[in-house]
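Breakdown of the fold
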Amino acid sequence: MDEQQEMKVKNPWHRPHIFLVAFGISVGIIIMVAIAVVQNKPLHQKYKYGIVLDAGSSHTSVYIYEWPAEKENNTGMVRQKHACSVKGKGISSYSGTPEKAGESLKECMDEAKKTIPKQRHQETPVYLGATAGMRLLKMDNDIASEKVLASVETSLQTYPFSYQGARIITGQEEGAFGWITVNYLSENFITASGTVGALDLGGASTQITFVSGQEVESLDNSIDFRLYGNDYRLYTHSFLCYGKDQVLKLSLEQQIKPKLDVTDNIILEDPCFHPGYEMNKSFQSVFDSPCVKMVTHSKTGQTFKHKGIGDWKKCQEAITKVFNTSYCRYSRCSFNDVFQPPVKGRFGAFSAYYFVMNFLNVTTDNSLDDAKKKLGSYCTTHWNTLKQKHPGVKEKYLSEYCFSGTYIITLLEDGYKFTPEDWKNTNFIRTIKDSEAGWTLGYMLNLTNMIPAEAPDTPLLPFGGYVSLMLVLSLLIFVCLILGYIFFRRPSGPAHKEII
Ligand SMILES: O=P(O)(O)OP(=O)(O)OP(=O)(O)OC[C@H]1O[C@@H](n2cnc3c(O)ncnc32)[C@H](O)[C@@H]1O
Ligand SMILES: [Ca+2]
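Residues numbered from 1 in each chain as written. Chains lettered and ligands numbered in written order. Predicted model: local features only at pLDDT ≥ 70, side-chain atom pairs only at ≥ 80, totals over all residues. Heavy atoms only, no water.

1. Overview of the UniProt feature "binding site: ATP" (unreviewed entry) in the protein
Within this structure's numbering, the places UniProt gives as "binding site: ATP" (unreviewed entry) are G203, A204, S205, T206 and Q207. Of note, S205 is situated in strand β7 (residues 205–211). Residues within four places of S205 in sequence aside, it is in contact with A132, R135, E174, D200, S238, F239, L240, C241, Y242 and G243. Within the secondary structure layout, Q207 lies in strand β7. (UniProt positions renumbered as here; feature names shortened; annotations may be inferred. Helix = DSSP H or I, 4+ residues; strand = E, 2+ residues; numbered from the N terminus. Contact = heavy atoms within 4.5 Å.)

This is the structure in C-alpha coordinates:
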(Lines give C-alpha, C1' and ligand atoms only; values in the text may rest on other atoms or scores of the structure.)
(Ligands and ions follow the chains in the order given, each with its own letter.)
Protein backbone atom coordinates (compact mmCIF):
# COMPACT_ATOMS: atom_id res chain seq x y z
CA MET A 1 0.00 0.00 0.00
CA ASP A 2 1.60 3.36 -0.97
CA GLU A 3 1.53 6.43 1.32
CA GLN A 4 -1.32 8.09 -0.51
CA GLN A 5 -3.54 5.06 -0.21
CA GLU A 6 -2.71 4.60 3.49
CA MET A 7 -3.68 8.24 4.28
CA LYS A 8 -7.07 7.79 2.55
CA VAL A 9 -7.83 4.76 4.71
CA LYS A 10 -6.93 6.51 7.99
CA ASN A 11 -8.74 9.85 7.32
CA PRO A 12 -12.46 9.07 7.01
CA TRP A 13 -13.22 12.48 5.36
CA HIS A 14 -11.30 11.30 2.41
CA ARG A 15 -14.06 8.81 1.83
CA PRO A 16 -16.50 10.74 -0.38
CA HIS A 17 -19.57 8.82 0.90
CA ILE A 18 -18.98 9.97 4.53
CA PHE A 19 -18.72 13.57 3.42
CA LEU A 20 -21.87 13.14 1.36
CA VAL A 21 -23.77 11.74 4.38
CA ALA A 22 -22.69 14.68 6.57
CA PHE A 23 -23.59 17.14 3.85
CA GLY A 24 -26.94 15.42 3.40
CA ILE A 25 -27.71 15.64 7.13
CA SER A 26 -26.92 19.38 7.17
CA VAL A 27 -29.07 20.07 4.14
CA GLY A 28 -31.84 17.91 5.65
CA ILE A 29 -31.80 19.88 8.90
CA ILE A 30 -31.87 23.17 7.05
CA ILE A 31 -34.83 22.01 4.95
CA MET A 32 -36.63 20.74 8.09
CA VAL A 33 -36.16 24.09 9.79
CA ALA A 34 -37.32 25.92 6.69
CA ILE A 35 -40.45 23.75 6.49
CA ALA A 36 -41.16 24.18 10.20
CA VAL A 37 -40.80 27.93 9.89
CA VAL A 38 -43.10 28.14 6.87
CA GLN A 39 -45.60 25.72 8.41
CA ASN A 40 -45.86 27.64 11.68
CA LYS A 41 -45.65 31.13 10.28
CA PRO A 42 -48.88 33.05 10.93
CA LEU A 43 -50.88 33.00 7.75
CA HIS A 44 -51.08 36.23 5.87
CA GLN A 45 -53.40 38.17 8.25
CA LYS A 46 -56.97 37.37 7.26
CA TYR A 47 -59.70 39.33 8.96
CA LYS A 48 -63.20 38.37 9.88
CA TYR A 49 -66.03 40.82 10.42
CA GLY A 50 -69.25 41.15 12.36
CA ILE A 51 -71.99 43.80 12.25
CA VAL A 52 -74.16 44.82 15.20
CA LEU A 53 -76.95 47.38 14.99
CA ASP A 54 -77.67 49.16 18.25
CA ALA A 55 -81.31 50.20 17.86
CA GLY A 56 -81.50 52.57 20.82
CA SER A 57 -84.44 54.69 21.93
CA SER A 58 -82.96 57.90 20.56
CA HIS A 59 -81.03 56.64 17.53
CA THR A 60 -79.55 53.60 15.77
CA SER A 61 -75.83 52.98 15.29
CA VAL A 62 -74.25 50.37 13.04
CA TYR A 63 -70.97 48.96 14.33
CA ILE A 64 -68.56 46.92 12.26
CA TYR A 65 -66.09 44.79 14.21
CA GLU A 66 -62.93 43.19 12.85
CA TRP A 67 -60.54 40.53 14.17
CA PRO A 68 -57.66 38.40 12.83
CA ALA A 69 -59.19 35.13 11.62
CA GLU A 70 -56.85 32.80 13.49
CA LYS A 71 -57.03 34.60 16.81
CA GLU A 72 -60.75 34.48 17.52
CA ASN A 73 -60.40 33.25 21.07
CA ASN A 74 -57.62 35.52 22.23
CA THR A 75 -58.89 38.34 24.35
CA GLY A 76 -58.56 41.92 23.13
CA MET A 77 -58.41 40.88 19.47
CA VAL A 78 -61.75 42.23 18.26
CA ARG A 79 -61.80 45.92 17.54
CA GLN A 80 -64.28 48.37 16.12
CA LYS A 81 -63.44 49.03 12.49
CA HIS A 82 -66.22 51.44 11.65
CA ALA A 83 -69.34 53.04 13.13
CA CYS A 84 -72.19 54.66 11.27
CA SER A 85 -74.91 56.75 12.88
CA VAL A 86 -78.29 56.21 11.23
CA LYS A 87 -79.97 59.50 10.27
CA GLY A 88 -83.12 60.37 12.18
CA LYS A 89 -84.56 59.01 15.41
CA GLY A 90 -84.62 55.50 16.85
CA ILE A 91 -86.62 52.71 15.21
CA SER A 92 -89.38 52.91 17.84
CA SER A 93 -90.26 56.38 16.50
CA TYR A 94 -91.50 54.67 13.30
CA SER A 95 -94.42 52.98 15.06
CA GLY A 96 -96.87 54.85 12.80
CA THR A 97 -94.93 54.12 9.59
CA PRO A 98 -93.10 50.84 10.25
CA GLU A 99 -91.84 50.41 6.66
CA LYS A 100 -89.71 53.55 7.14
CA ALA A 101 -87.82 51.87 10.02
CA GLY A 102 -86.18 49.42 7.59
CA GLU A 103 -85.55 52.12 4.98
CA SER A 104 -83.76 54.27 7.57
CA LEU A 105 -80.96 51.69 7.82
CA LYS A 106 -80.10 51.78 4.11
CA GLU A 107 -77.32 54.39 4.11
CA CYS A 108 -75.37 52.80 6.95
CA MET A 109 -75.84 49.26 5.61
CA ASP A 110 -74.60 50.37 2.17
CA GLU A 111 -71.59 51.81 3.94
CA ALA A 112 -71.05 48.42 5.64
CA LYS A 113 -71.03 46.76 2.21
CA LYS A 114 -68.22 49.07 1.13
CA THR A 115 -66.24 48.75 4.37
CA ILE A 116 -66.15 44.94 4.52
CA PRO A 117 -64.18 43.17 1.71
CA LYS A 118 -66.58 41.55 -0.76
CA GLN A 119 -65.22 38.01 -0.32
CA ARG A 120 -66.12 38.21 3.41
CA HIS A 121 -69.71 39.44 2.97
CA GLN A 122 -71.38 36.04 3.04
CA GLU A 123 -69.75 34.87 6.26
CA THR A 124 -70.23 38.19 8.11
CA PRO A 125 -72.97 37.92 10.75
CA VAL A 126 -75.42 40.80 11.25
CA TYR A 127 -77.30 41.22 14.52
CA LEU A 128 -79.81 43.89 15.47
CA GLY A 129 -80.54 44.48 19.14
CA ALA A 130 -83.21 46.94 20.17
CA THR A 131 -83.24 48.45 23.65
CA ALA A 132 -85.52 50.55 25.85
CA GLY A 133 -87.34 52.51 23.12
CA MET A 134 -88.67 49.25 21.67
CA ARG A 135 -89.35 47.82 25.14
CA LEU A 136 -91.59 50.82 25.78
CA LEU A 137 -93.27 50.54 22.38
CA LYS A 138 -93.93 46.86 23.02
CA MET A 139 -95.61 47.76 26.31
CA ASP A 140 -97.65 50.44 24.60
CA ASN A 141 -98.47 48.73 21.31
CA ASP A 142 -97.28 45.17 20.81
CA ILE A 143 -98.44 44.95 17.19
CA ALA A 144 -96.64 48.15 16.22
CA SER A 145 -93.40 46.90 17.80
CA GLU A 146 -93.69 43.60 15.84
CA LYS A 147 -94.20 45.55 12.62
CA VAL A 148 -91.15 47.71 13.25
CA LEU A 149 -89.01 44.61 13.94
CA ALA A 150 -90.38 42.90 10.81
CA SER A 151 -89.50 46.00 8.78
CA VAL A 152 -85.88 46.14 9.93
CA GLU A 153 -85.61 42.37 9.44
CA THR A 154 -86.82 42.60 5.81
CA SER A 155 -84.39 45.43 5.18
CA LEU A 156 -81.37 43.62 6.70
CA GLN A 157 -82.14 40.44 4.75
CA THR A 158 -81.64 42.28 1.45
CA TYR A 159 -77.91 42.58 2.21
CA PRO A 160 -75.31 39.95 1.27
CA PHE A 161 -74.38 39.34 4.92
CA SER A 162 -75.37 36.44 7.15
CA TYR A 163 -78.51 37.76 8.87
CA GLN A 164 -78.74 36.48 12.46
CA GLY A 165 -81.91 38.14 13.73
CA ALA A 166 -83.43 41.34 15.07
CA ARG A 167 -84.81 41.31 18.59
CA ILE A 168 -85.47 43.37 21.67
CA ILE A 169 -82.72 42.52 24.14
CA THR A 170 -83.49 42.38 27.85
CA GLY A 171 -82.26 44.95 30.34
CA GLN A 172 -80.09 42.26 31.97
CA GLU A 173 -78.43 41.48 28.63
CA GLU A 174 -77.87 45.18 27.99
CA GLY A 175 -76.16 45.58 31.38
CA ALA A 176 -74.14 42.36 31.26
CA PHE A 177 -72.89 42.81 27.68
CA GLY A 178 -71.88 46.40 28.43
CA TRP A 179 -69.82 45.03 31.32
CA ILE A 180 -68.25 42.37 29.07
CA THR A 181 -67.37 44.99 26.43
CA VAL A 182 -65.62 47.28 28.88
CA ASN A 183 -63.66 44.48 30.54
CA TYR A 184 -62.80 42.74 27.25
CA LEU A 185 -61.42 45.94 25.74
CA SER A 186 -59.46 46.69 28.92
CA GLU A 187 -58.10 43.11 28.83
CA ASN A 188 -59.25 42.63 32.42
CA PHE A 189 -60.20 39.01 31.83
CA ILE A 190 -56.60 37.93 31.28
CA THR A 191 -54.78 40.19 33.72
CA ALA A 192 -55.01 40.10 37.48
CA SER A 193 -56.20 43.72 37.61
CA GLY A 194 -59.80 42.86 38.53
CA THR A 195 -62.87 43.96 36.64
CA VAL A 196 -64.52 47.36 36.33
CA GLY A 197 -68.22 47.99 36.76
CA ALA A 198 -70.27 49.38 33.86
CA LEU A 199 -72.64 52.34 33.97
CA ASP A 200 -74.71 53.00 30.85
CA LEU A 201 -77.10 55.93 30.54
CA GLY A 202 -79.36 55.84 27.49
CA GLY A 203 -82.34 57.91 26.47
CA ALA A 204 -84.97 55.56 27.91
CA SER A 205 -83.15 53.26 30.33
CA THR A 206 -80.03 53.09 32.43
CA GLN A 207 -77.93 50.12 33.53
CA ILE A 208 -75.59 49.42 36.44
CA THR A 209 -73.46 46.25 36.45
CA PHE A 210 -70.60 45.20 38.71
CA VAL A 211 -69.04 42.29 40.58
CA SER A 212 -70.17 42.87 44.14
CA GLY A 213 -68.80 39.89 46.02
CA GLN A 214 -71.93 39.97 48.20
CA GLU A 215 -75.00 37.79 47.96
CA VAL A 216 -77.37 38.96 45.21
CA GLU A 217 -80.74 38.74 46.95
CA SER A 218 -82.92 38.87 43.85
CA LEU A 219 -82.51 36.37 41.03
CA ASP A 220 -83.40 38.96 38.38
CA ASN A 221 -80.29 40.94 39.28
CA SER A 222 -77.80 38.10 39.18
CA ILE A 223 -75.85 36.80 36.18
CA ASP A 224 -73.08 34.20 36.24
CA PHE A 225 -70.35 33.99 33.64
CA ARG A 226 -67.32 31.76 33.28
CA LEU A 227 -64.79 33.57 31.12
CA TYR A 228 -61.18 32.62 30.39
CA GLY A 229 -61.15 30.20 33.31
CA ASN A 230 -62.62 32.58 35.91
CA ASP A 231 -66.10 32.66 37.43
CA TYR A 232 -67.89 35.98 37.72
CA ARG A 233 -71.14 36.66 39.54
CA LEU A 234 -72.50 39.98 38.34
CA TYR A 235 -75.02 42.24 39.92
CA THR A 236 -76.95 44.02 37.16
CA HIS A 237 -80.04 46.14 36.91
CA SER A 238 -81.66 48.07 34.10
CA PHE A 239 -84.05 50.85 35.11
CA LEU A 240 -86.62 51.26 32.37
CA CYS A 241 -87.82 54.90 32.18
CA TYR A 242 -84.64 56.17 33.87
CA GLY A 243 -82.74 57.06 30.70
CA LYS A 244 -82.22 60.80 30.49
CA ASP A 245 -85.09 61.57 28.07
CA GLN A 246 -87.69 59.61 30.02
CA VAL A 247 -86.51 60.94 33.37
CA LEU A 248 -86.92 64.47 32.03
CA LYS A 249 -90.56 63.59 31.24
CA LEU A 250 -90.98 62.11 34.73
CA SER A 251 -89.52 65.22 36.30
CA LEU A 252 -91.73 67.55 34.22
CA GLU A 253 -94.76 65.45 35.10
CA GLN A 254 -93.88 65.72 38.80
CA GLN A 255 -93.69 69.49 38.53
CA ILE A 256 -96.79 69.90 36.34
CA LYS A 257 -99.03 67.58 38.36
CA PRO A 258 -99.79 69.95 41.27
CA LYS A 259 -100.62 72.77 38.84
CA LEU A 260 -102.92 70.83 36.53
CA ASP A 261 -106.21 71.42 38.27
CA VAL A 262 -105.34 74.82 39.70
CA THR A 263 -104.86 76.95 36.62
CA ASP A 264 -105.55 76.83 32.89
CA ASN A 265 -102.42 78.63 31.68
CA ILE A 266 -99.67 76.62 33.21
CA ILE A 267 -96.28 78.29 33.56
CA LEU A 268 -93.73 75.77 34.77
CA GLU A 269 -90.77 77.44 36.49
CA ASP A 270 -88.15 74.75 36.17
CA PRO A 271 -84.95 74.94 38.27
CA CYS A 272 -83.22 72.48 35.87
CA PHE A 273 -83.37 74.91 32.93
CA HIS A 274 -81.46 78.15 32.47
CA PRO A 275 -82.68 81.64 33.40
CA GLY A 276 -83.95 83.23 30.17
CA TYR A 277 -85.04 79.85 28.72
CA GLU A 278 -88.70 79.97 27.73
CA MET A 279 -90.46 77.49 25.46
CA ASN A 280 -94.07 76.55 24.75
CA LYS A 281 -94.36 72.78 24.98
CA SER A 282 -97.32 70.50 24.43
CA PHE A 283 -98.55 68.33 27.29
CA GLN A 284 -98.51 65.59 24.68
CA SER A 285 -94.70 65.83 24.43
CA VAL A 286 -94.48 65.02 28.15
CA PHE A 287 -97.30 62.51 28.45
CA ASP A 288 -96.65 60.49 25.26
CA SER A 289 -94.81 57.70 27.06
CA PRO A 290 -95.83 54.67 29.10
CA CYS A 291 -93.30 55.91 31.69
CA VAL A 292 -95.60 58.85 32.41
CA LYS A 293 -98.91 57.64 33.62
CA MET A 294 -101.13 60.64 32.88
CA VAL A 295 -101.57 59.90 29.19
CA THR A 296 -105.30 60.48 29.17
CA HIS A 297 -105.34 63.80 30.96
CA SER A 298 -107.80 66.32 29.52
CA LYS A 299 -105.02 68.84 28.79
CA THR A 300 -103.25 66.46 26.42
CA GLY A 301 -103.94 68.63 23.36
CA GLN A 302 -102.83 71.87 25.00
CA THR A 303 -99.53 73.59 25.75
CA PHE A 304 -97.70 74.95 28.79
CA LYS A 305 -94.93 77.51 29.21
CA HIS A 306 -91.63 75.89 30.20
CA LYS A 307 -89.53 78.56 31.86
CA GLY A 308 -86.02 78.11 33.30
CA ILE A 309 -84.94 79.55 36.64
CA GLY A 310 -81.52 77.85 36.90
CA ASP A 311 -81.19 76.64 40.45
CA TRP A 312 -79.09 73.52 40.84
CA LYS A 313 -80.08 72.73 44.42
CA LYS A 314 -83.80 72.94 43.66
CA CYS A 315 -83.23 70.93 40.48
CA GLN A 316 -81.68 68.16 42.54
CA GLU A 317 -84.64 68.25 44.94
CA ALA A 318 -87.06 67.93 42.01
CA ILE A 319 -85.10 65.02 40.52
CA THR A 320 -84.91 63.17 43.85
CA LYS A 321 -88.70 62.91 43.69
CA VAL A 322 -88.53 60.54 40.69
CA PHE A 323 -86.81 57.94 42.90
CA ASN A 324 -89.13 56.05 45.18
CA THR A 325 -87.17 55.14 48.31
CA SER A 326 -90.15 54.62 50.61
CA TYR A 327 -90.20 50.85 50.32
CA CYS A 328 -87.58 48.07 50.06
CA ARG A 329 -88.30 44.38 50.43
CA TYR A 330 -84.60 43.41 50.53
CA SER A 331 -81.82 44.11 53.01
CA ARG A 332 -80.97 47.19 50.92
CA CYS A 333 -82.20 48.88 47.74
CA SER A 334 -81.12 51.53 45.28
CA PHE A 335 -84.64 52.87 44.60
CA ASN A 336 -88.07 51.68 43.39
CA ASP A 337 -87.76 48.53 45.51
CA VAL A 338 -84.79 47.27 43.50
CA PHE A 339 -82.15 45.29 45.36
CA GLN A 340 -78.60 46.61 45.14
CA PRO A 341 -75.52 45.61 47.12
CA PRO A 342 -73.05 48.42 47.98
CA VAL A 343 -71.12 49.50 44.90
CA LYS A 344 -67.57 48.20 44.74
CA GLY A 345 -64.41 48.92 42.77
CA ARG A 346 -63.79 51.04 39.72
CA PHE A 347 -66.51 51.99 37.22
CA GLY A 348 -66.57 52.96 33.55
CA ALA A 349 -69.51 55.28 32.78
CA PHE A 350 -70.43 55.63 29.12
CA SER A 351 -73.13 56.76 26.63
CA ALA A 352 -74.91 59.84 28.02
CA TYR A 353 -72.77 59.73 31.18
CA TYR A 354 -69.89 60.61 28.87
CA PHE A 355 -71.75 63.00 26.50
CA VAL A 356 -73.00 65.12 29.38
CA MET A 357 -69.99 65.10 31.70
CA ASN A 358 -67.61 65.65 28.79
CA PHE A 359 -69.58 68.70 27.66
CA LEU A 360 -69.71 70.07 31.20
CA ASN A 361 -65.98 69.41 31.55
CA VAL A 362 -66.72 67.57 34.78
CA THR A 363 -64.45 64.57 35.16
CA THR A 364 -63.67 62.55 38.22
CA ASP A 365 -60.41 64.49 38.51
CA ASN A 366 -62.73 66.93 40.21
CA SER A 367 -63.96 65.90 43.63
CA LEU A 368 -67.69 65.28 43.83
CA ASP A 369 -68.06 68.63 45.62
CA ASP A 370 -66.12 70.46 42.90
CA ALA A 371 -68.28 68.78 40.26
CA LYS A 372 -71.40 70.03 42.01
CA LYS A 373 -70.00 73.58 42.20
CA LYS A 374 -69.19 73.50 38.48
CA LEU A 375 -72.65 72.23 37.66
CA GLY A 376 -74.25 74.82 39.94
CA SER A 377 -72.53 77.65 38.13
CA TYR A 378 -73.41 76.15 34.71
CA CYS A 379 -77.10 75.91 35.65
CA THR A 380 -77.30 79.57 36.70
CA THR A 381 -75.76 80.77 33.39
CA HIS A 382 -78.25 82.77 31.31
CA TRP A 383 -79.65 80.90 28.31
CA ASN A 384 -78.62 83.63 25.84
CA THR A 385 -75.04 83.62 27.14
CA LEU A 386 -74.88 79.86 26.62
CA LYS A 387 -76.24 80.00 23.08
CA GLN A 388 -73.65 82.63 22.19
CA LYS A 389 -70.87 80.59 23.76
CA HIS A 390 -71.81 77.33 22.02
CA PRO A 391 -73.26 78.25 18.61
CA GLY A 392 -72.43 74.80 17.16
CA VAL A 393 -74.24 72.73 19.80
CA LYS A 394 -77.80 71.48 19.17
CA GLU A 395 -80.13 73.73 21.22
CA LYS A 396 -82.04 70.74 22.61
CA TYR A 397 -78.83 69.23 24.01
CA LEU A 398 -77.54 72.61 25.22
CA SER A 399 -80.75 73.36 27.12
CA GLU A 400 -80.74 69.94 28.80
CA TYR A 401 -77.13 69.61 30.05
CA CYS A 402 -78.01 71.26 33.38
CA PHE A 403 -80.86 68.81 33.92
CA SER A 404 -78.84 65.80 32.69
CA GLY A 405 -75.75 66.66 34.74
CA THR A 406 -77.86 67.08 37.85
CA TYR A 407 -79.66 63.81 37.11
CA ILE A 408 -76.34 61.95 36.72
CA ILE A 409 -75.00 63.19 40.06
CA THR A 410 -78.32 62.50 41.80
CA LEU A 411 -78.60 59.02 40.28
CA LEU A 412 -75.08 58.09 41.36
CA GLU A 413 -75.24 59.67 44.80
CA ASP A 414 -78.83 59.18 45.92
CA GLY A 415 -79.86 56.35 43.62
CA TYR A 416 -76.84 54.02 43.64
CA LYS A 417 -75.36 55.42 46.90
CA PHE A 418 -71.97 56.38 45.43
CA THR A 419 -69.66 57.94 48.03
CA PRO A 420 -67.17 60.71 47.09
CA GLU A 421 -64.59 57.87 47.01
CA ASP A 422 -66.71 55.81 44.55
CA TRP A 423 -67.03 58.96 42.43
CA LYS A 424 -63.21 59.17 42.28
CA ASN A 425 -63.15 55.54 41.11
CA THR A 426 -65.46 56.32 38.20
CA ASN A 427 -64.24 57.21 34.72
CA PHE A 428 -66.44 58.84 32.12
CA ILE A 429 -65.46 57.12 28.90
CA ARG A 430 -66.63 57.05 25.29
CA THR A 431 -64.11 54.60 23.86
CA ILE A 432 -61.49 52.12 25.00
CA LYS A 433 -58.67 51.63 22.47
CA ASP A 434 -60.81 53.30 19.77
CA SER A 435 -63.76 50.94 20.25
CA GLU A 436 -66.93 52.43 21.67
CA ALA A 437 -68.06 51.32 25.11
CA GLY A 438 -71.57 49.85 24.95
CA TRP A 439 -73.39 46.52 24.91
CA THR A 440 -72.90 45.73 21.20
CA LEU A 441 -69.38 44.27 21.25
CA GLY A 442 -70.15 42.02 24.25
CA TYR A 443 -73.35 40.88 22.53
CA MET A 444 -71.45 39.85 19.39
CA LEU A 445 -68.59 38.19 21.32
CA ASN A 446 -71.18 36.11 23.15
CA LEU A 447 -73.21 35.11 20.10
CA THR A 448 -70.16 34.18 18.07
CA ASN A 449 -68.65 32.20 20.99
CA MET A 450 -65.58 34.37 20.98
CA ILE A 451 -65.23 34.50 24.75
CA PRO A 452 -64.27 30.99 25.86
CA ALA A 453 -65.11 29.66 29.30
CA GLU A 454 -61.56 28.38 29.71
CA ALA A 455 -58.32 30.20 28.96
CA PRO A 456 -57.08 29.08 25.52
CA ASP A 457 -53.87 26.99 25.50
CA THR A 458 -50.99 29.23 24.71
CA PRO A 459 -47.97 27.79 22.82
CA LEU A 460 -44.87 27.19 24.93
CA LEU A 461 -42.98 29.73 22.88
CA PRO A 462 -44.26 32.67 20.90
CA PHE A 463 -43.69 32.43 17.16
CA GLY A 464 -40.63 34.72 17.18
CA GLY A 465 -39.00 32.72 19.99
CA TYR A 466 -39.71 29.45 18.19
CA VAL A 467 -38.06 30.61 14.95
CA SER A 468 -35.03 32.00 16.78
CA LEU A 469 -34.57 28.78 18.74
CA MET A 470 -34.76 26.65 15.59
CA LEU A 471 -32.25 28.89 13.82
CA VAL A 472 -29.78 28.80 16.71
CA LEU A 473 -30.07 25.00 16.99
CA SER A 474 -29.58 24.39 13.28
CA LEU A 475 -26.66 26.80 13.24
CA LEU A 476 -25.14 24.92 16.15
CA ILE A 477 -25.48 21.56 14.37
CA PHE A 478 -24.03 23.07 11.22
CA VAL A 479 -21.04 24.54 13.07
CA CYS A 480 -20.45 21.16 14.81
CA LEU A 481 -20.40 19.41 11.46
CA ILE A 482 -17.96 21.91 9.98
CA LEU A 483 -15.71 21.62 13.05
CA GLY A 484 -15.94 17.85 12.88
CA TYR A 485 -15.01 17.96 9.22
CA ILE A 486 -11.99 20.18 9.88
CA PHE A 487 -10.90 18.04 12.80
CA PHE A 488 -11.11 14.72 11.00
CA ARG A 489 -9.59 16.08 7.77
CA ARG A 490 -6.45 17.36 9.52
CA PRO A 491 -3.95 14.52 9.11
CA SER A 492 -2.87 13.37 12.56
CA GLY A 493 -0.87 10.67 14.29
CA PRO A 494 0.90 8.04 12.26
CA ALA A 495 -0.86 8.86 9.03
CA HIS A 496 0.61 12.35 9.17
CA LYS A 497 4.03 11.07 9.99
CA GLU A 498 3.85 8.57 7.19
CA ILE A 499 3.10 11.33 4.68
CA ILE A 500 6.18 13.22 5.84
O1 LIG B 1 -80.14 52.90 25.46
P2 LIG B 1 -81.44 53.53 25.14
O3 LIG B 1 -82.18 53.97 26.37
O4 LIG B 1 -82.29 52.71 24.24
O5 LIG B 1 -81.13 54.91 24.37
P6 LIG B 1 -80.02 55.21 23.26
O7 LIG B 1 -79.12 54.07 23.05
O8 LIG B 1 -80.69 55.77 22.06
O9 LIG B 1 -79.21 56.37 23.98
P10 LIG B 1 -77.74 56.92 23.64
O11 LIG B 1 -76.79 56.32 24.58
O12 LIG B 1 -77.48 56.88 22.20
O13 LIG B 1 -77.97 58.43 24.05
C14 LIG B 1 -78.35 58.72 25.35
C15 LIG B 1 -78.94 60.07 25.39
O16 LIG B 1 -77.95 61.04 25.09
C17 LIG B 1 -78.41 61.91 24.07
N18 LIG B 1 -77.22 62.35 23.33
C19 LIG B 1 -76.60 61.79 22.29
N20 LIG B 1 -75.53 62.51 21.92
C21 LIG B 1 -75.48 63.57 22.78
C22 LIG B 1 -74.63 64.68 22.93
O23 LIG B 1 -73.60 64.89 22.15
N24 LIG B 1 -74.90 65.55 23.92
C25 LIG B 1 -75.94 65.37 24.74
N26 LIG B 1 -76.78 64.35 24.67
C27 LIG B 1 -76.57 63.46 23.69
C28 LIG B 1 -79.42 61.11 23.28
O29 LIG B 1 -80.34 61.96 22.65
C30 LIG B 1 -80.08 60.33 24.39
O31 LIG B 1 -81.04 61.09 25.04
CA1 LIG C 1 -78.16 52.53 24.51
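Let us keep going from here.
2. Description of unusual backbone geometry
At E187, a residue that is not glycine, the phi angle is positive and equals roughly 55°. Not every positive phi belongs to a glycine, and N449 is a case in point at roughly 55°. Its location among the elements puts N449 in the loop between α16 (439–447) and α17 (463–489). According to the relative accessible area criterion, N449 is exposed, its value standing at 61%. (Buried < 20%, exposed > 50% of the residue type's maximum accessible area, 1.4 Å probe, protein only.)

3. Concerning the packing of helix α11 (residues 352–359) against helix α14 (residues 395–415)
One way to put it is that α11 packs onto α14 with a least axis distance of 9 Å and a crossing angle of 115°. Crossing of α11 against α14: the hand is left-handed. Between α11 and α14, the contacting residues are A352, Y353, F355, V356, M357 and F359 on the first element and L398, Y401, S404, G405, I408, I409, L411 and L412 on the second. Looking at the contact of α11 with α14 residue by residue, the classes come out as 12 nonpolar, two polar and no charged. (Axes fitted to C-alpha atoms, helices over the stretch in contact; angles between N-to-C directions. Left-handed = near helix turned anticlockwise from the far one by under 90°. Nonpolar A, V, L, I, M, F, W, Y, C, P; charged D, E, K, R; others polar.)

4. Looking at the sheet that holds strand β9 (residues 230–240)
A sheet is described by the order of its strands in space; here six strands give the open sequence β8-β9-β7-β6-β13-β14, paired in mixed fashion. Among the strands making up the open sheet, the edge pair consists of β8 (222–227) and β14 (426–428). Ignoring strand direction, the axes of neighbouring strands in this sheet form an average angle of 20°. Alignment of strand β13 (residues 347–351) against β14, held across three bridges, turns out to be parallel. What sits directly across from A349, in β14, is F428. Across the face of the sheet, helix α5 (residues 132–140) comes into contact with β7 and β9 while running at roughly 55° to β9. Contacting β6 (197–201), β7, β8, β9 and β13, helix α7 (residues 171–185) runs over the sheet at an angle of about 55° to β7. (Pairing = 2+ DSSP bridges.)

5. Things to note about the state of the cysteines
On inspection of all chains with the given rule, the structure shows five disulfides. Two residues share a disulfide in this structure: C241 and C291, whose sulfurs sit 2.1 Å from each other. In this structure, the disulfide formed by C241 and C291 twists by about -85° around the S-S bond and is classed as left-handed. Here C241 is found in the loop between β9 and α8 (244–256), whereas its partner C291 is found in the loop between α9 (283–287) and β12 (303–308), with 50 residues between them in sequence. The residues C241 and C291 share a single accessibility class, namely buried. Residue C272 pairs covalently with C315 via a disulfide, S to S 2.1 Å. When the S-S torsion is 105°, as for the bridge of C272 with C315, the disulfide is right-handed. Of this pair, C272 sits in the loop between β10 (267–270) and β11 (278–282) while C315 sits in helix α10 (residues 312–320); the two residues are 43 residues apart in sequence, bridging distant segments of the chain. Its relative accessible area of 0% is what places C272 among the buried residues. (Disulfide = S-S within 2.5 Å.)

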